[in-house]
Amino acid sequence: DRQLLSHIYQCTFAYVQKRGPSDCPQVIKALFEVSQRYLLFCPQSLCQCPELPSLFSLGTACLTECKGEIDSTRSCLVFLTQIIGWKSIHLPASKVEVLGKFSSTIDNILLQNGEIVIKSCIGGISGGAPQILWPSLSECLFAVIMHIISESPTGEPNAILQNWLQSAMTDNSLLNNSQNITSDIGTSMIQILCDLAKQGLKSKPKAKM
């Protein structure tokens, strides 16, 4: 399974690199749908796949380059949300145990890409993406925040998360292109989102609003 997945990734990455993510939305959609199925049903093969970091990087690239294409962006967001928030999705205990063994792998990949994911999600919700994608964008944003807070020994947002959120909320391109976010609103939103994430999954509906 792992060798098959690795082969699929290598071939798909080569194709997407030649065309560009925005020119092959159906390929992107299929790639992340396959990846999601591996996450749910064969997580060991996915987590051991050498191409997993590249897949995650492609996902972040799609959030910035393909945000106008709904289906491929949504499939990318669903995969990123579930692999980042794997602790909160309903899986058999055996699958949860497998993912737990590779939690450091997922954490390291998130550390490399988390700032871009947060900035893309906030930029999309503030008007940079079609409104139909806002629920998926907010799910992904909340998954990142809640995962990092859940890993914090104090249960508080750490410096890395604070820096990511601050960077996104004060990004000039976001502020200039959005009618929904000002610097003051952004600062307030950071505090609200972190407070809600500390309450766990029960607060997700409020966070999405």
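Look above for the structure.
Fair warning: this is a prediction, and the values are worked out from it, not measured in the lab. (Residues numbered from 1 in each chain as written. Predicted model: local features only at pLDDT ≥ 70, side-chain atom pairs only at ≥ 80, totals over all residues. Heavy atoms only, no water.)

## Description of the nonpolar core
Thought 1: Core analysis: the largest hydrophobic core is formed by 62 residues, its most contacted members being Leu46, Leu55, Ile83 and Ile118.
Thought 2: At ten residues, the largest contribution of residues to this core is made by helix α8 (residues 134–151).
Thought 3: Leu46 has contacts with Leu5, Tyr9, Ser35, Tyr38, Leu39, Leu52, Leu55, Phe79 and Ile83, leaving out every residue within four places of it along the chain. (Core = buried A, V, L, I, M, F, W, Y, C linked by side-chain atoms within 4.5 Å. Buried < 20%, exposed > 50% of the residue type's maximum accessible area, 1.4 Å probe, protein only. Helix = DSSP H or I, 4+ residues; strand = E, 2+ residues; numbered from the N terminus. Contact = heavy atoms within 4.5 Å.)

## Focus on the packing of α8 against helix α9 (residues 159–169)
Thought 1: Running from N to C, α8 and α9 cross one another at 160 degrees; their axes reach a closest spacing of 10 Å. In terms of axis orientation, α8 runs roughly antiparallel to α9. For the pair α8 and α9, the sense of crossing is left-handed. Note on element contacts: α9 touches α8 through Leu161, Trp164 and Leu165, opposite Val144, Ile145, Ile148 and Ile149.
Thought 2: In terms of residue class, the contact of α8 with α9 is made up of seven nonpolar, no polar and no charged. (Axes fitted to C-alpha atoms, helices over the stretch in contact; angles between N-to-C directions. Parallel < 35°, antiparallel > 145°, perpendicular 65-115°, else oblique. Left-handed = near helix turned anticlockwise from the far one by under 90°. Nonpolar A, V, L, I, M, F, W, Y, C, P; charged D, E, K, R; others polar.)

## Digging into the packing of helix α7 (residues 103–128) against α8
Thought 1: Following both chains from N to C, one finds α7 and α8 inclined at 140 degrees, their axes separated by 9 Å at the closest point. Here α7 is positioned oblique relative to α8, judged by the angle of their axes. Along this stretch, α7 crosses α8, giving a crossing that reads as left-handed. Along the contact surface, α7 presents Asp107, Leu110, Val117, Ile118, Ser120, Cys121, Ile122, Gly124, Ile125 and Gly127, while α8 presents Trp134, Leu137, Ser138, Cys140, Leu141, Val144, His147, Ile148 and Glu151.
Thought 2: The residue inventory of the contact of α7 with α8, partitioned by class, reads twelve nonpolar, five polar and two charged.

## A word on the side chain of Ser6
Thought 1: Assignment of secondary structure puts Ser6 in helix α1 (residues 2–19).
Thought 2: Given a relative accessible area of 11%, Ser6 falls into the buried group.

## Focus on empty space enclosed by the protein
Thought 1: Scanning the model with the defined rule gives one cavity of 30 Å³ or more in all.
Thought 2: By volume, the largest cavity amounts to about 30 Å³.
Thought 3: Forming the walls of the largest cavity are Leu63, Lys67, Thr73, Ser120, Ala129, Leu133 and Leu137.
Thought 4: Considered class by class, the residues forming the lining of the largest cavity number four nonpolar, two polar and one charged. (1 Å grid on protein atoms, 1.4 Å probe; cavity = no way out; pocket = protein on both sides within 12 Å on 5 of 7 lines; lining within 4 Å. Points joined across faces, edges and corners; volume = space filled by probe spheres on them.)

## Looking at the layout of surface pockets
Thought 1: By volume, the second largest pocket is sized at about 350 Å³.
Thought 2: Around the second largest pocket sit 19 residues that line it, and Thr81, Gly85, Ser88, Ile89 and Lys204 are the ones nearest its centre.
Thought 3: If you list the elements that add at least two residues to the lining of the second largest pocket, you get α5 (70–84) and α8.
Thought 4: Tallying contributions element by element places α8 first for the lining of the second largest pocket, with seven residues.
Thought 5: The residue inventory of the lining of the second largest pocket, partitioned by class, reads nine nonpolar, seven polar and three charged.

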